[in-house]
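# Survey of secondary and tertiary structure
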Amino acid sequence: MDGTYTGVVDRIEDGEIAVILLEENKQVIEQVDIPADRLPEPARTDGGVLSVTLEDSEVVSMEYRPDATRERRESVQEKLDRLSERLSDREE
């Protein structure tokens, strides 16, 4: 697998292994695990968005994408807010 993909930090296991989900056309196509200390400093959190370049299925470079990270988090928060509103409407 070669190319540059959008990667999203799914989780960091035991503070040591970063699990990154690679996407193509907004669909998860692969998972890569790397040492967490290889992540760019600001991406060392769940939901961090990166550009990930692979050569021979190995991660050769990563670039943190702060704007994409912020947009994704805002989108998730909006969805949670809408869900919360619907749930509170049912309780009345």
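Everything numeric here is computed off the predicted structure, so don't read it as measured data. (Residues numbered from 1 in each chain as written. Predicted model: local features only at pLDDT ≥ 70, side-chain atom pairs only at ≥ 80, totals over all residues. Heavy atoms only, no water.)

With respect to the element layout, Ser57 can be found in the loop between strand 4 (49-55) and strand 5 (58-64). On a C-alpha basis, the gap between Ser57 and Gly3 in space is 9.0 Å, while along the polypeptide they are 54 residues apart. Residue contacts for Ser57: discarding those within four places in its chain leaves Met1 and Asp2. At a separation of 2.9 Å, a polar atom in the side chain of Ser57 contacts the main-chain amide nitrogen of Met1. (Helix = DSSP H or I, 4+ residues; strand = E, 2+ residues; numbered from the N terminus. Contact = heavy atoms within 4.5 Å. Polar contact = N/O pair within 3.5 Å; in protein donor to acceptor, adjacent residues only side chain to side chain.)

A cluster of basic side chains, namely Lys26, Lys79, Arg82, Arg86 and Arg90, defines a positive patch on the protein surface. Position of Arg82 relative to the elements: it lies in helix 1 (residues 66-91). For Arg82, a relative accessible area of 41% puts it in the partly exposed group. (Patch = residues over 30% accessible without salt bridge, like charges linked within 9 Å, V, L, I, M, F, W, Y side chains within 5 Å. Areas by Shrake-Rupley, 256 points an atom, 1.4 Å probe, with all protein chains shown as cover. Salt bridge = Lys/Arg side-chain N within 4 Å of Asp/Glu carboxyl O. Lys, Arg positive; Asp, Glu negative; His and termini not counted. Charge placed at Lys NZ, Arg CZ, Asp CG, Glu CD. Buried < 20%, exposed > 50% of the residue type's maximum accessible area, 1.4 Å probe, protein only.)

Moving on, we come to the pattern of salt bridges. By the definition in use, this model includes five salt bridges. Across the salt bridge formed by Arg72 and Glu23, the nearest N and O atoms sit 3.0 Å from each other. Residue Arg72 is found in helix 1, and its partner Glu23 is found in strand 2 (residues 17-24); the two are separated by 49 residues along the sequence. In this structure, Arg44 and Glu41 form a salt bridge, with 3.3 Å as the shortest nitrogen-oxygen distance.

Right, let's talk about the confidence of the model for the protein chain for a bit. When pLDDT is averaged across the protein chain, the result is 91; 98% of the residues are at 70 or more. When mean pLDDT is taken per element in the protein chain, strand 4 scores highest with 97 and helix 1 scores lowest with 85. (pLDDT = per-residue confidence, 0-100.)

A separate point is the nonpolar core. Core analysis: the largest hydrophobic core is formed by 16 residues, its most contacted members being Ile20, Leu39, Leu50, Val52 and Met62. Beyond its immediate stretch of four places on either side in the chain, Val52 contacts Gly3, Thr4, Tyr5, Gly7, Ile20, Leu22, Val59, Ser61 and Met62. (Core = buried A, V, L, I, M, F, W, Y, C linked by side-chain atoms within 4.5 Å.)

Moving on: the sheet that holds strand 5. Spatial ordering of the open sheet is given by 3-2-1-4-5, a layout of five strands whose pairing is antiparallel. Here the strands that pair on one side only, and so sit at the sheet edges, are strand 3 (27-35) and strand 5. Within this sheet the neighbouring strands show an average axis-to-axis angle of 35°, counted without direction. The sheet contact formed by strand 4 and strand 5 spans six bridges and is antiparallel. Looking at the pairing, Ser51 lines up with Glu63 of strand 5. (Pairing = 2+ DSSP bridges. Axes fitted to C-alpha atoms, helices over the stretch in contact; angles between N-to-C directions.)

Phi angles above zero are rare outside glycine, and Asp56 is one such case at about 50°. Checked against the element boundaries, Asp56 lands in the loop between strand 4 and strand 5. Among the residues examined, Asp56 registers a relative accessible area of 66% and is labelled exposed. The phi dihedral of Ser57 falls on the positive side, at around 65°, and the residue is not glycine. Here Ser57 falls in the partly exposed class, since its relative accessible area comes to 41%.

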